[in-house]
Every structure is written in C-alpha cells, then in structure tokens.
Amino acid sequence: MEYQSGGQVPGASGLLGEVAEAEAALRAAAERSGATGGEDLAAGFDAVVAADQKIEPRDWMPEGYRKTLVRQIAQHAHSEIIGMQPEGNWISRAPSLKRKAILLAKVQDEAGHGLYLYAAAETLGVSRDELYRMLLSGRQKYSSIFNYPTLTWADVGAIGWLVDGAAIVNQVPLCRCSYGPYARAMIRICKEESFHQRQGFDILYTLARGTEAQRAMAQDAVDRWWYPSLAMFGPPDTESTHSAQSMAWKIKRFSNDELRQKFVDMTAQQATVLGLRLPDDALEYDEGSGHYRYTAPDFAELMAVISGDGPCNRQRIAHRRAAYDDGAWVRESAAAYAAKRRERAA
Ligand code: FAQ
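Residues numbered from 1 in each chain as written. Predicted model: local features only at pLDDT ≥ 70, side-chain atom pairs only at ≥ 80, totals over all residues. Heavy atoms only, no water.

Chemist: Which residues make up the overall build of the protein chain, and what values go with them?
Modeler: Within the protein chain, the secondary structure is distributed over 14 helices and two strands. Taking 346 residues into account, the globule formula puts the C-alpha radius of gyration at 20 Å, and the protein chain, at 21 Å, falls close to it. If one aligns the C-alpha atoms of the protein chain with their principal axes, the spans along those axes are about 65 × 55 × 35 Å. When the 346 residues of the protein chain are sorted by exposure, 49% land in the buried category. Within the protein chain, contacts between residues separated by at least 24 positions form 77% of all contacts whose residues are at least 6 apart in sequence. Within the structure as shown, the protein chain displays about 16,400 Å² of accessible surface, and the carbon and sulfur contribution to it stands at 54%. Counting 40 positive and 44 negative side-chain charges, the protein chain places the averaged centre of each group 7 Å from the other. (Helix = DSSP H or I, 4+ residues; strand = E, 2+ residues; numbered from the N terminus. Rg over C-alpha atoms; globule rule 2.2 N^0.38 Å. Buried < 20%, exposed > 50% of the residue type's maximum accessible area, 1.4 Å probe, protein only. Contact = heavy atoms within 4.5 Å. Areas by Shrake-Rupley, 256 points an atom, 1.4 Å probe, with all protein chains shown as cover. Lys, Arg positive; Asp, Glu negative; His and termini not counted. Charge placed at Lys NZ, Arg CZ, Asp CG, Glu CD.)

Have a look at this one:
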C-alpha cells in the first residue's frame, strides 16, 4: 500500500465503491414495481422489506420499527452535532491557513449531516425541537466517542482517521437501510465522510514524517483514540439489545462485532502506511480466517461513558444547552416572521 499526500486513503476506495453500489440499488428498487401484501398492512411491510425495496414515510410500518428508527437516527444526528465540539476546539489553532480551511469545512459538513438526519427523523412524525429537548434532558444518547478530549493538534488527525474511519465502516451499510429517507441521507453523508477520513489520515501522515516531537504527538493521539474508536460500534453482539430486531428489519445490515472486525482489518493495514503503531500487542493477522486478531475495547468503560460518566460528558451537554438557549431569539424571530408572512398572505 502506498500513499501520496492529499490522495485517497489506502484501502478505503472499496467503501466508496460500496456507496456507489448502494446508490444504484436504491434507484433500481425505486423503479421495480411495488411488492405488496394485498389488504394486509403488516404483510405489505414484510414484502417490501423482503424485496429490498424502501419503506417510505407514507407507508404503514410497525410502531416498533418507527420507534427504532427515531432512536437510531436521532442518536446519529445528535452525534454529528455534538461531534462538532472536539474538533471545533482546534479551528482557531490549526497550524496553517490550509489546515484551518479544511477543518472548518469538515466541521461545517458535520452540521450539515446533523440537519439531513434530523430531517430524516422528522419524516417519522417527531419534530426537531422535540429531539433537541430529548438530547438536552439526557433521554436520547449520542456517540460515546465525543466525550473524549482533544488535547493536541494530532487529535484532529486521529479523529479524522479513526473516528471518521469507524463512522464510514458503520455507515456504508446504512446506505442500504430499508427506510428510504435514512438510506438516502446516508449516501450523501458517506461520500463526505470519506473526505473527512482523508484529511485526518493526511494530518497524521505529515506529523509522522515530521520532527521527533511531532511523531510522538501523532503516536500519543493514536494511543488514546484507538480503543474509544473500537467502542463506537457498540456492545458485543451477545449484549446488543437491538441488533437482532434491527437486522431483521434491514435497518442494520451487519452486527456490531462484524463491523468492528471490518474496521480493525482496514485500519491495521493503514497504520503500516502511516508508520504508526496501534496500541495492541495482540494485534496479529490470522491467515486462517483472513482477519486480524485484536484486543476488544473496555466495554465497562463504554457503558460508563454512555451513562454520562465520560471525561467530557458534562462539558459537551452544557455547551449544547447554552447554544440552544442563546439561539432562542433566532427561533422566535423566525417563527414571528413566518406568522407575519402567513397573515399577509391570508
Ligand atoms: N455510544 O443494542 P445496541 C460520527 C447504545 S457519527 C452511545 O447495540 P444499536 C460522524 C445504544 O444506543 C457516530 N451509545 O444498539 C462524526 C443502545 O442504547 P438505547 C454515530 C451507544 O442501536 C465523526 C445500547 O447502547 N454513529 O461519528 C453506543 O443496535 C467525527 C445498546 O446497544 C451512529 O449513530 C455508543 N458508541 O447499535 C461526527 C450510526 N453503542 O438506545 C463528528 C448509527 C451502543 O437502547 C466527528 N447508529 N450504544 O438506550 C448505529 O449504527 C447504532 O445505533 C449503534 C448501536 C451501532 C451505534
């Protein structure tokens, strides 16, 4: 594997190919005549899912399916918005104008991803405001990963390479999700995430070839972000409460452990190109299975972070809450303006 600064991350082009295939499959599914279950609504839903066509907002769906989608899409949207904080912290301190412009664009993309996802969730009958309130009151979650601090510039590289890398591996299969609005949002998001991963890889590649101190800073960032990135895929399959049902509904296409393994296999090879070490003495390629053996993350730590006890949980939510409160006048002005326009048009 080789890499030229600014180029595609080695071994990641297959994922973009999968996104293109999912996009083609989505178009083909829309053109196929609708699967039907006759008069029976539940049979109709099952037939559409079985035929790999898409459930759309107007279609009947089981209440559990709707709730699962609201939970997952909202959690995903919240992650994008909260995920702006750790990197946003470095925009004013990026080491050059070029790096600053790239990071600014990336963080802006994350806001955009949050908006596509809130819009997808709204098609299921919940409002964005309700979802924000659930985030702020702790009733809905966001990804554990954003509760870790960004201590140095190299952390921005590690987030791009590892966190966006894990996000892509997790999200490419969601381009084939059975719910149309989520699948369509994911196609656009995955294309942008691949640029995000490239910018992180490029930062680390440059640092790893810099001074001794820069190299050490890059290695330290990878050491701190590796296990939290592995934990992003969720609890092990044996403890995942939602996987079986979500896979039966074709919301999730692979289990948490399957995706984690795919991420390890991809990343272990990229680490050798970077010339950085993944902090796992047990990491080893297994000829028999064609996969890398690796040490699992600390799932007790994952559960503690999910339940509010990570290094930055309180800070992240306090920041979000302040942004929500400070933005109240904008929402009120927009609502007053819309009411005035309606009045004038009447
Ligand atoms: N963090 O039964 P499962 C990004 C919860 S976006 C927090 O296995 P499921 C882009 C789970 O909700 C990153 N909570 O659950 C970016 C459930 O709790 P509940 C976000 C977690 O849903 C990059 C319970 O544990 N991506 O990074 C986590 O089948 C850089 C039991 O778990 C997505 O959200 C966790 N790590 O599978 C932005 C992708 N893991 O709801 C900025 C879509 C598990 O019962 C900068 N989501 N939980 O109270 C998914 O694929 C799934 O929801 C999983 C979890 C895989 C996260």
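Having seen the structure, we can now continue with the description.
Chemist: Outline the environment of Met186, listing residues and values.
Modeler: Tracing the sequence through the fold places Met186 in helix 8 (residues 180-208). On the accessibility criterion, Met186 (0% relative accessible area) is buried. On a C-alpha basis, the gap between Met186 and Asp164 in space is 14 Å, while along the polypeptide they are 22 residues apart. With residues up to four places along the chain from it excluded, the contact list for Met186 reads His76, Leu117, Gln171, Leu174 and Cys175.

Chemist: Tell me about the pattern of salt bridges, and name the residues and values.
Modeler: Counted under the stated rule, the structure contains 21 salt bridges. Residue Lys106 pairs with Asp164 through a salt bridge whose shortest N-O separation is 2.8 Å. With a gap of 58 residues between them, Lys106 in helix 5 (residues 97-122) and Asp164 in helix 7 (residues 153-171) connect regions that are remote in the sequence. Exposure remark for Lys106: the relative accessible area of 0% places this residue in the buried category. Its salt-bridge partner being Arg224, residue Asp220 comes within 3.1 Å of it at the nearest N-O pair. In this pair, Asp220 and Arg224 both sit in helix 9 (residues 212-231), four residues apart, roughly one turn of the helix. (Salt bridge = Lys/Arg side-chain N within 4 Å of Asp/Glu carboxyl O.)

Chemist: Account for the site of the ligand, naming residues and giving values.
Modeler: Near the ligand, the surroundings consist of 35 residues, among which Gln75, Lys141, Ser240, His242 and Lys252 are the closest. In the environment of the ligand, an oxygen atom lies 2.3 Å from a nitrogen or oxygen atom belonging to the side chain of Lys141. For the ligand, the protein covers 92% of the area, taking 1,100 Å² as the surface of the free molecule. Of all the elements in the fold, those that place two or more residues in the shell around the ligand are helix 3 (63-82), helix 5, helix 7, helix 8 and helix 12 (299-309). (Near = heavy atom within 4 Å. Polar contact = N/O pair within 3.5 Å; in protein donor to acceptor, adjacent residues only side chain to side chain.)

Chemist: Talk me through the environment of Glu192; I want residue IDs and the actual numbers.
Modeler: Its location among the elements puts Glu192 in helix 8. Once the C-alpha coordinates of Glu192 and Val172 are considered, the two residues, 20 residues apart in sequence, prove to be 12 Å apart. Within the structure, Glu192 has its side chain in polar contact with the side chain of His113 (distance 2.6 Å).

Chemist: If you had to explain the side chain of Glu87 to someone new, which residues and values would you point to?
Modeler: Position of Glu87 among the secondary structure elements: in helix 4 (residues 84-88). When its relative accessible area of 1% is taken as the criterion, Glu87 is described as buried. One polar contact links Glu87 to Lys106, side chain to side chain, over a distance of 2.6 Å. Look past the residues within four positions of Glu87 in its chain and what remains in contact with it is Leu103, Lys106, Val107, Glu110, Ile159 and Gln199.

Chemist: Tell me about the packing of helix 3 against helix 6 (residues 128-136), residues and numbers included.
Modeler: At a closest axis distance of 11 Å, the pairing of helix 3 and helix 6 adopts a crossing angle of 70°. It follows from the interaxial angle that helix 3 and helix 6 lie roughly perpendicular. Side by side, helix 3 and helix 6 meet where Val70, Ala74, His78 and Ile82 of the first sit next to Leu131, Tyr132 and Leu135 of the second. Tallied by class, residues from the contact of helix 3 with helix 6 come to six nonpolar, one polar and no charged. (Axes fitted to C-alpha atoms, helices over the stretch in contact; angles between N-to-C directions. Parallel < 35°, antiparallel > 145°, perpendicular 65-115°, else oblique. Nonpolar A, V, L, I, M, F, W, Y, C, P; charged D, E, K, R; others polar.)

Chemist: Describe the packing of aromatic side chains, listing the residues and the values that go with them.
Modeler: Counting across every chain of the model gives twelve aromatic pairs. Relative to Tyr132, the ring of Tyr118 has its centre 5.2 Å away and its plane inclined at 70°; by these criteria the two rings are edge-to-face. One end of the pair, Tyr118, is in helix 5; the other, Tyr132, is in helix 6, with 14 residues separating them in the sequence. Residue class for Tyr118 comes out buried when judged on its relative accessible area of 0%. (Phe/Tyr/Trp six-rings, centres within 6.5 Å; stacked < 30°, edge-to-face > 60°.)

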